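The primary structure of each chain is shown beneath.
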Amino acid sequence: MGAIAEVDNINHPIILFDGVCNFCAGSVRFIIQRDTKENFRFASLQSGFSKDLIGATNLTMDTLLLVEGGVIYKESTAALRIARRLRGGWKLLYGLIVLPKFIRDSIYRLIARNRYRWFGKKDQCMVPSPELQARFLDSF
């Protein structure tokens, strides 16, 4: 059964992230610490799960993606939709959704383009701890 069918069976938002990017892996750890209701599930963009899912779309594998309610969100919209589900003041960031998308996405793309240079890159994808493996859809 392919990833698209698997997504239909998952009742949680799914975050697809760059598993070799230090900033992205750090962001996943940040989200996990603030996702006290364990809403989110995760998969690295390098995983078979993500490749199957993205292969069925015209999206590229170089951005954060959020699959929520059967819709795929990307870039700043994905980041803001994630923030609104986190505990604490982070949910207030969702208010930035009122800014024009081209402005939000321009800032997002600036960070995304420079993420390896600014934050570094690993040789392999982040490996979740045994306690977290159930939240990762395609553990390595």
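See the structure shown above.
Attention in this report is confined to the structure presented alongside it. (Residues numbered from 1 in each chain as written. Predicted model: local features only at pLDDT ≥ 70, side-chain atom pairs only at ≥ 80, totals over all residues. Heavy atoms only, no water.)

**Points about the overall build of the chain**
- Along the backbone of the chain there are five helices and four strands.
- Order of helices (α) and strands (β) in the chain, N terminus to C terminus: α-β-α-β-α-β-β-α-α.
- Counting all 140 residues of the chain, 41% fall into the buried class.
- Look at the contacts in the chain between residues 6 or more apart in sequence, and 66% of them connect residues 24 or more apart. (Helix = DSSP H or I, 4+ residues; strand = E, 2+ residues; numbered from the N terminus. Buried < 20%, exposed > 50% of the residue type's maximum accessible area, 1.4 Å probe, protein only. Contact = heavy atoms within 4.5 Å.)

**Focus: the sheet that holds strand β2 (residues 41-44)**
- As summarised here, the arrangement of the four strands in space is β2-β1-β3-β4, forming an open sheet in which the pairing is mixed. Each end of this open sheet is capped by a strand with a single partner; those strands are β2 and β4 (71-74). Neighbour to neighbour, the strand axes of the sheet diverge by 20° on average, direction disregarded.
- Relative to β2, strand β1 (residues 14-17) is paired through four bridges, and the arrangement is parallel. Across the sheet, phenylalanine 17 pairs through a bridge with serine 44, a residue of β2.
- Here helix α4 (residues 75-83) sits on the sheet and contacts β1, β3 (65-68) and β4; the angle it forms with β4, its principal contact strand, is near 105°. (Pairing = 2+ DSSP bridges. Axes fitted to C-alpha atoms, helices over the stretch in contact; angles between N-to-C directions.)

**What about the pattern of salt bridges?**
- By the definition in use, this model includes seven salt bridges.
- Notably, a salt bridge pairs aspartate 18 with arginine 115, separated by 2.9 Å at the nearest N-O pair. Pair noted here: aspartate 18 is in the loop between β1 and α2 (22-34) and arginine 115 is in helix α5 (residues 101-119), with a separation of 97 residues, a long-range link.
- Residue classification places aspartate 18 among the buried residues on the basis of a relative accessible area of 5%. (Salt bridge = Lys/Arg side-chain N within 4 Å of Asp/Glu carboxyl O.)

**Describing the packing of aromatic side chains**
- Taken as a whole and judged by the stated rule, the model has five aromatic pairs.
- Arranged with centres 6.4 Å apart and planes meeting at 80°, the rings of phenylalanine 17 and phenylalanine 136 form a pair that is edge-to-face. Of the two residues, phenylalanine 17 sits in strand β1 while phenylalanine 136 sits in the segment after α5, which places them 119 residues apart along the sequence.
- With relative accessibility at 3%, the residue phenylalanine 17 sits in the buried group.
- Between phenylalanine 30 and tryptophan 90, the ring centres sit 4.8 Å apart and the planes meet at 90°, which makes this aromatic pair edge-to-face. Within this pair, whereas phenylalanine 30 is found in helix α2, its partner tryptophan 90 is found in the loop between α4 and α5, the two being separated by 60 residues in sequence.
- Taken together, the ring pairs connect Phe17, Phe42 and Phe136 into an aromatic cluster.
- Taking the ring centre of tyrosine 94 as reference, the NZ or CZ of arginine 84 above it sits at 4.7 Å.
- Over the face of the ring belonging to tyrosine 116 we find lysine 121, whose NZ or CZ atom lies 4.7 Å from the ring centre. (Phe/Tyr/Trp six-rings, centres within 6.5 Å; stacked < 30°, edge-to-face > 60°. Lys NZ or Arg CZ within 6 Å of the ring centre and 35° of its normal.)

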